[in-house]
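# Architecture and fold: a report
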Amino acid sequence: MNNSNLRPRLRLLATGGTIAGAQTSGDGRGYTAGAFSIADLVAAVPQIAALAELTVEQVARIGSQDMNEGVWRQLAGRAQAALDDPGIAGVVITHGTDTMEETGYFLNLVLKTAKPVVLVGAMRPATAISADGPMNLYNAVAVAAAPESAGRGVLVVANDEIHFAREVAKTNTTQVGTFKSPNRGLAGLIHSGRLHYFGPTVRRHTAASEFAPLAAGGLPRVDIVYAHAGMGRELIDAAVSAGARGVVIAGVGDGNMPAAALAACTAAARAGVAVVRSSRTGGGLVERNIEVDDDAAGFVSAEELNPQKARVLLMLGLGRTREAGALQELFRVY
Ligand code: GLU
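Conventions used here
- Residues numbered from 1 in each chain as written.
- Predicted model: local features only at pLDDT ≥ 70, side-chain atom pairs only at ≥ 80, totals over all residues.
- Heavy atoms only, no water.
- Helix = DSSP H or I, 4+ residues; strand = E, 2+ residues; numbered from the N terminus.
- Contact = heavy atoms within 4.5 Å.
- Pairing = 2+ DSSP bridges.
- Axes fitted to C-alpha atoms, helices over the stretch in contact; angles between N-to-C directions.
- Near = heavy atom within 4 Å.
- Polar contact = N/O pair within 3.5 Å; in protein donor to acceptor, adjacent residues only side chain to side chain.
- Areas by Shrake-Rupley, 256 points an atom, 1.4 Å probe, with all protein chains shown as cover.
- Nonpolar A, V, L, I, M, F, W, Y, C, P; charged D, E, K, R; others polar.
- Salt bridge = Lys/Arg side-chain N within 4 Å of Asp/Glu carboxyl O.
- Buried < 20%, exposed > 50% of the residue type's maximum accessible area, 1.4 Å probe, protein only.
- Parallel < 35°, antiparallel > 145°, perpendicular 65-115°, else oblique.
- Left-handed = near helix turned anticlockwise from the far one by under 90°.
- Core = buried A, V, L, I, M, F, W, Y, C linked by side-chain atoms within 4.5 Å.
- Right-handed = clockwise from strand over helix to strand, strands pointing away.
- 1 Å grid on protein atoms, 1.4 Å probe; cavity = no way out; pocket = protein on both sides within 12 Å on 5 of 7 lines; lining within 4 Å.
- Points joined across faces, edges and corners; volume = space filled by probe spheres on them.

## Things to note about the environment of Val110
Inspection of the secondary structure assignment puts Val110 in helix H3 (residues 100-110). Taking C-alpha positions, Val110 is 7.0 Å from Ser209, a pair spaced 99 residues apart along the chain. If sequence neighbours within four positions are ignored, Val110 has contacts with Ala76, Gln80, Phe211, Ala212, Pro213, Leu214 and Leu316.

## Focus on the sheet that holds strand E6 (residues 117-120)
With respect to topology, eight strands assemble into an open sheet ordered E4-E1-E5-E6-E7-E8-E11-E12, the strand pairing being mixed. Both edges of this open sheet fall to strand E4 (53-62) and strand E12 (194-197), since each of them pairs with a single strand only. For this sheet, the mean angle separating the axes of adjacent strands, direction not counted, is 25°. Pairing geometry for strand E8 (residues 161-164) and strand E11 (residues 188-191), over two bridges, is antiparallel.

## Focus on the site of the ligand
Near the ligand, the surroundings consist of Gly17, Thr18, Tyr31, Gly63, Ser64, Gln65, Gly96, Thr97, Asp98, Ala122, Met123 and Lys170. One nitrogen or oxygen atom from the side chain of Asp98 is found 2.6 Å from a nitrogen atom belonging to the ligand. Look at the ligand: alone it shows 280 Å² of surface, and the protein chains cover 93% of it. Tallied by class, the residues present in the shell around the ligand amount to three nonpolar, seven polar and two charged.

## Considerations on the side chain of Ser278
Within the secondary structure layout, Ser278 lies in strand E15 (residues 274-279). Not counting the four nearest positions on each side in its chain, Ser278 is found in contact with Val248, Ile249, Ala250, Gly251, Gly255, Val286, Ala302, Leu305, Asn306 and Pro307.

## Quick notes on the side chain of Glu304
Among the structural elements, Glu304 can be located in the loop between strand E16 (300-301) and helix H8 (307-317). At a separation of 2.6 Å, a polar atom in the side chain of Glu304 contacts the side chain of Arg184. Apart from residues lying up to four places away in sequence, Glu304 is in contact with Arg166, Glu167, Asn183, Arg184, Arg203, Gly284 and Leu285.

## Remarks on the pattern of salt bridges
According to the stated counting rule, one finds 16 salt bridges in the structure shown. A salt bridge links Arg203 to Glu304; the nearest nitrogen and oxygen atoms lie 3.5 Å apart. Placement of the pair is Arg203 in the loop between E12 and strand E13 (222-226) and Glu304 in the loop between E16 and H8, with a sequence separation of 101 residues. A salt bridge links Arg320 to Glu210, with the shortest nitrogen-to-oxygen separation between them at 4.0 Å. Within this pair, whereas Arg320 is found in the loop between H8 and helix H9 (324-333), its partner Glu210 is found in the loop between E12 and E13, the two being separated by 110 residues in sequence. With relative accessibility at 31%, the residue Glu210 sits in the partly exposed group. Each of Arg166, Glu167, Arg184, Arg203, Glu303 and Glu304 takes part in one network of salt bridges that share partners.

## Side note on the packing of helix H2 (residues 69-84) against H3
Each pair of packed helices gets described by two things: the angle between the helix axes and the distance between those axes. For the pair H2 and H3, the least separation of the axes is 11 Å and the interaxial angle reads 50°. Judged by the angle between their axes, H2 and H3 are oblique. Of the two possible hands of crossing, H2 and H3 adopt the one that is right-handed. Counting all contacts with H2, which are made through Trp72, Leu75, Ala76 and Gln80, the residues of H3 involved are Glu102, Thr103, Phe106, Leu107 and Val110. Split into classes, the residues belonging to the contact of H2 with H3 amount to six nonpolar, two polar and one charged.

## Some remarks on the nonpolar core
Judged by nonpolar contacts, the single largest core of 50 residues is most densely connected at Phe106, Leu107, Leu109, Leu314 and Phe331. For this core, the leading source of residues is H2, giving seven residues. Residues within four places of Phe331 in sequence aside, it is in contact with Arg203, Val276, Val300, Ser301, Ala302, Glu303, Leu305, Ala310, Leu313 and Leu314. Core analysis: the second largest hydrophobic core is formed by 31 residues, Leu137, Ala145, Ala146 and Ala187 among them.

## With respect to the pairing of E6
Alternating residues of E6 divide into Val117 and Leu119 and Val118 and Val120, and every residue in both groups is buried. In this structure, strand E5 (residues 90-94) lies alongside E6, joined through four bridges in parallel fashion. Looking at E6, one finds that Thr94 is bridged to Val120. Regarding topology, H3 serves as the crossover connection from E5 to the parallel E6, and that connection is right-handed. Pairing geometry for E6 and strand E7 (residues 154-158), over four bridges, is parallel. The residue of E7 that forms the bridge with Val120 is Val157. Once you follow E6 into helix H4 (residues 133-145) and on to E7, the crossover reads as left-handed.

## Notes on empty space enclosed by the protein
Summed over all chains, the structure comprises one cavity of 30 Å³ or more. The volume enclosed by the largest cavity comes to roughly 40 Å³. Around the largest cavity, the lining residues are Asn108, Arg152, Gly153, Val154, Phe164, Ala165, Arg166, Thr201, Arg203, Arg204 and His205. Residue composition of the lining of the largest cavity, grouped by class: three nonpolar, four polar and four charged.

Nothing here speaks to function; it is geometry throughout.
In structure tokens form, the structure reads like this:
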């Protein structure tokens, strides 16, 4: 029996990354990200053909450390075009793992769709012993092909796990279990293509997002400044001088920073620059008005968003408002 016309049609958008990486020497450590085309990657996993009918498109061929607004816009445009096609059931995006959480959260906010959108990467290059890319890609296609994946926002699949784009973070430099969702936990598990969802995501996304579909025009500059013992004010002042419309502080502990940095942030907020306090800890929630008087200073707390995700939301939010209270509301909703 030929079931080919019963398979869902998916669009596979490729951006590069280690999943498409080739080792540069036999020792397995050095490699070039994005060396293989998406057609090579799909051909390496013939079992995918039983899950879905794929049409593939190479959007970029970069290590995700080089991901930027230009590629995000191109990717969002190509993904939205595919999602708007009634014949396409979902989208899979291959991506480097370094900045996957930022791209995932960005797309989670700017794609107008209820269809599944799944980002997938790998920690080991395609030529490595026990490469993780082929199973990750197989599982990502299975997730995108499943009707039960619809309406959950953008998902990240790796290492037999399904993560919500809002929750996921890369937590380890090289190990295959790098992705964790520290606050709210996994979206689900996937075992050789079989899905088990644990629950829905709670924050607003995709079809319900006010930032979707992505508006034309550039995003404002938002810089991240990392706090530490002995931190001064200079880098915050430098960000403002460089034209930042927003500054995210990767604060110590509960989004704290030394007095000199706090003074620079207070001056920046007074000058109309949005200041968002996040945390460098990797988990937990930055609340308002604990050790810092956010109300008096006009700051915004990032709640659970890590600094790199807070930056994404702030860039989009600044297109709507520069008022601290309204920006804070966005951090409560998204
Ligand atoms: N720097 C590469 C990237 O993000 C390596 C990480 C990976 O893909 O696993 O594209």
